[in-house]
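A closer look at the structure
Now for the letters of each chain:
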Amino acid sequence: MHVNTLANALTFDEGPVIGIRHLQALLLFLAVCVNFLARNTVSVALVAMTNAASANPDFPEYDWTEAQRSYILSSFYWGYVVTQFPSGFLTRRFGAKIVLLIPTLTTGVFSCLTPYFISWGGWVAFCVLRVILGLSQGLIFPAILAHVAKWSPPKDRNKMGIIAYTGVACGLLLAMAISGLIAESPMGWPGIFYITAGICGIWCILWLFLAADNAPSSRLITPQERDYIERSLKRADGFHEKKIPVPWRAILTSAPFYANLIVSSAQGWTSSMMNQQTPAYMHGVLEMDIKSNALFSALPYLAMWLTSFVFLAFADAAMSRKWMSLNVMRKSVNTVASWGPAAAQVGIGFLDKNQTEWAIALMTINSGLTSGSGVGSVINTIDLSPNHSGTIMSITNASATVLSIITSLVAGVIVTDTSSRAQWQIVFGLTAAITFLGNLVYIIWGSTDLQPWDDVDFLKSRDAENNSNKFNQEKEELKALEGKTS
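All residue numbers refer to positions counted from 1 along the written sequence of the respective chain. Per-residue local features of the predicted model are confined to residues with pLDDT of at least 70, and side-chain atom pairs are confined, for both listing and counting, to 80 or more; whole-chain, interface and lining totals are unaffected and use all residues. Excluded from the side-chain calculation are hydrogens and water; included are all heavy atoms of the structure.

Turning our eyes to something else, we now look at the nonpolar core. Membership of the largest hydrophobic core comes to 41 residues, with the highest contact counts inside it found for Leu28, Leu100, Phe141, Ile144, Val168, Trp203 and Trp207. Think of it this way: any DSSP run of H or I at least four residues long counts as a helix, any run of E at least two long counts as a strand, and we number them from the N terminus. Elements supplying a minimum of two residues to this core: helix H2 (20-50), helix H3 (66-80), helix H5 (96-137), helix H6 (140-151), helix H7 (157-184), helix H8 (188-210), helix H12 (290-320) and helix H17 (389-414). We call two residues in contact whenever any of their non-hydrogen atoms come within 4.5 Å of each other. Those residues in contact with tryptophan 203, other than ones at most four positions away along the chain, are Leu27, Leu30, Ala31, Val34, Leu100, Leu101 and Thr104. Ranked by size, the runner-up nonpolar core spans 20 residues in total, among them Met274, Met282, Ala359 and Ile360. Nonpolar cores were defined as sets of buried Ala, Val, Leu, Ile, Met, Phe, Trp, Tyr and Cys residues, with membership established by side-chain atoms within 4.5 Å. The cut-offs for exposure are 20% and 50% of the maximum accessible area for each residue type, with area from a 1.4 Å probe on protein chains only; residues under the lower value are buried, those over the upper are exposed, and the others partly exposed.

Here you go:
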């Protein structure tokens, strides 16, 4: 009896098989999806806006240079990088529910206004709108990582994190798949922005009614599921009301943190370069029209979305069956997700319009393998520090964003003629080198160990230790002085 009672006490009732924590993950998936849809439709829209013959010719056409197109593509990241650091602070201060509502609502409103602003102010107005969207969407990922950390028990962390993260691939897939079709429809290229605005509005309504900052504050959760989440994360009553100070010095002197920062930055460069430049490459080198361009551009992101679940299934099996340690699993998956695409990127640069199928196949392989970075390194932020995951993500995402700004500008400088295969070879070769080196750093210095600075009382213990050391030092100095005087 005693043994059974003890076992029951140590076993947490997980509540419903599909619970409110899974609903939060689904809402996060949709948040990422709709915002990435709004962010990335511009690459296809630009082709239609500057080449009316490739879409519905009944709408305005703009004679923008390659440099101006590069400014439009990169301007989103000018704003995006600014709000990365505030996002971590705002999420800690106000919670993810408010912080995630702001960017999606802002994106919806300004997407709806985009066609009117462009007709008034041209490419400069377009850049200004993209900066505003960037400012608002810069809040997203640090808030999402913090929300996952608050809602996911350790054994569900991979699953919930990857469900949210697959919104990236799904958003990119939708952006590439439907943008060309909408541009050729009676709605024309303005319809791309109107439909995006409507989807953002629908998500905002769902989020307002169904989301909660944490399990104890949810009106929908069962007591069993709430207690399971909080106990599995070893949280005492009142934990969410505590203000945990950020141990900046410990974070900024941590090798695993810098490994995560570098690999995230390399992935940011690769993702930005491939996402933004693929339509231009397919139109210029492969000479594909906008409709087939958009559909084939979407194929890699379909592979990316589906392969995410393959990597997730492997990660769950590897951990539950103890095939390898968490550290080995993350680095192995991330290596496949980095070095495989690096090889594909080199190959893409050597293909032309006579090898369209090979180009599409390599781009599909590139995107499919890249999806492994979710399991491989993105969730590693929570491994290092669940309590400070939002703050860490704000730093790593800011660095990745700076590189994303540079990618569009670098591509604009290198590719002066979009039909030049030699110029695209430089772009893809550079991207492959950065991808390779970023993962190498992660293999050497990355870690999945919970860092000591994650502890709620880390700074208090350090202060106590410093005070004790200082007291002992003063005591020794006093003894030494007394010895001299005697």
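Let's pick the thread back up.
A separate point is the side chain of serine 179. With respect to the helices, strands and loops of the structure, serine 179 is situated in helix H7. Classification of serine 179 by relative accessible area gives buried; the value is 0%. Excluding residues that lie within four positions of it along the chain, serine 179 makes contacts with Thr41, Val44, Leu174 and Ile192.

Another aspect to go through is the state of the cysteines. The disulfide criterion used throughout: a pair of cysteine sulfur atoms within 2.5 Å. Following the criterion strictly, the structure yields zero disulfides and no others. The thiol of cysteine 33 is not disulfide-bonded; the next cysteine sulfur, from cysteine 170, is found 3.6 Å away. Here cysteine 204 stays free of any disulfide, with the sulfur of cysteine 200 as its closest cysteine sulfur at 6.7 Å.

For the rest of this paragraph, the subject is the packing of H3 against H5. Axes here mean lines fitted to C-alpha atoms, for a helix over just the part in contact, with angles spanning 0 to 180 degrees between N-to-C directions. Axis separation between H3 and H5 bottoms out at 5 Å; the angle between their running directions is 30°. On the basis of the axis angle, H3 is roughly parallel to H5. For H3 against H5, the interelement crossing comes out right-handed. Between H3 and H5, the contacting residues are Gln68, Tyr71, Ile72, Leu73, Ser75, Phe76, Trp78, Gly79 and Tyr80 on the first element and Trp123, Phe126, Cys127, Arg130, Val131, Leu133, Gly134, Leu135 and Gln137 on the second. Class assignment of the residues belonging to the contact of H3 with H5 gives a composition of 12 nonpolar, five polar and one charged. Relative orientations are named as follows: roughly parallel for angles under 35 degrees, roughly antiparallel for angles over 145 degrees, roughly perpendicular for angles from 65 to 115 degrees, and oblique for any other angle. We call a crossing left-handed when the near helix sits turned anticlockwise from the far one by less than a right angle, and right-handed when that turn is clockwise. Classification convention: Asp, Glu, Lys, Arg as charged; Ala, Val, Leu, Ile, Met, Phe, Trp, Tyr, Cys, Pro as nonpolar; all other residues, Gly among them, as polar.

Looking at the secondary structure, you find lysine 353 in the loop between helix H13 (326-348) and helix H14 (356-370). C-alpha of lysine 353 to C-alpha of leucine 286: the two residues are 67 residues apart in sequence and 4.0 Å apart in space. When near neighbours in sequence (up to four residues on either side) are disregarded, lysine 353 contacts Val285, Leu286 and Glu287.

So, on to the side chain of arginine 69. Take arginine 69: it is sitting in helix H3. The class of arginine 69 is buried, set by a relative accessible area of 13%. The residues touching arginine 69, leaving out its near neighbours within four places in the chain, are Leu46, Val47, Thr50 and Trp64.

This brings us to the packing of H13 against H14. Working note: a packed helix pair is described by the angle between its axes plus the distance between those axes. Relative to each other, H13 and H14 sit at 165°, their axes nearing to 8 Å. By the angle between their directions, the pair H13 and H14 is classed as roughly antiparallel. The crossing of H13 and H14 is left-handed. Where H13 abuts H14, its residues Val336, Ala337, Gly340, Pro341, Ala344, Gln345, Gly347 and Ile348 lie against Leu362, Met363, Asn366, Leu369 and Thr370. Looking at the contact of H13 with H14 residue by residue, the classes come out as eight nonpolar, five polar and no charged.

Our next topic: the pattern of salt bridges. A side chain with one charge can pair with a side chain of the opposite charge if their charged atoms come near. Each salt bridge in this description consists of a side-chain nitrogen of Lys or Arg and a carboxyl oxygen of Asp or Glu lying within 4 Å of one another. Applying the stated criterion across every chain yields a total of five salt bridges. Here arginine 21 and aspartate 156 are joined by a salt bridge, their closest N and O atoms 2.8 Å apart. Highlighted residues: arginine 21 in helix H2 and aspartate 156 in the loop between H6 and H7, separated in sequence by 135 residues. The pair formed by arginine 21 and aspartate 156 is uniform in burial state, with each residue classed as buried. Salt-bridge contacts for arginine 226 lead to aspartate 227; the nearest nitrogen and oxygen are separated by 3.3 Å. By relative accessible area, aspartate 227 is classed as partly exposed at 28%. The network of salt bridges with common partners includes Arg21, Asp156 and Glu225.

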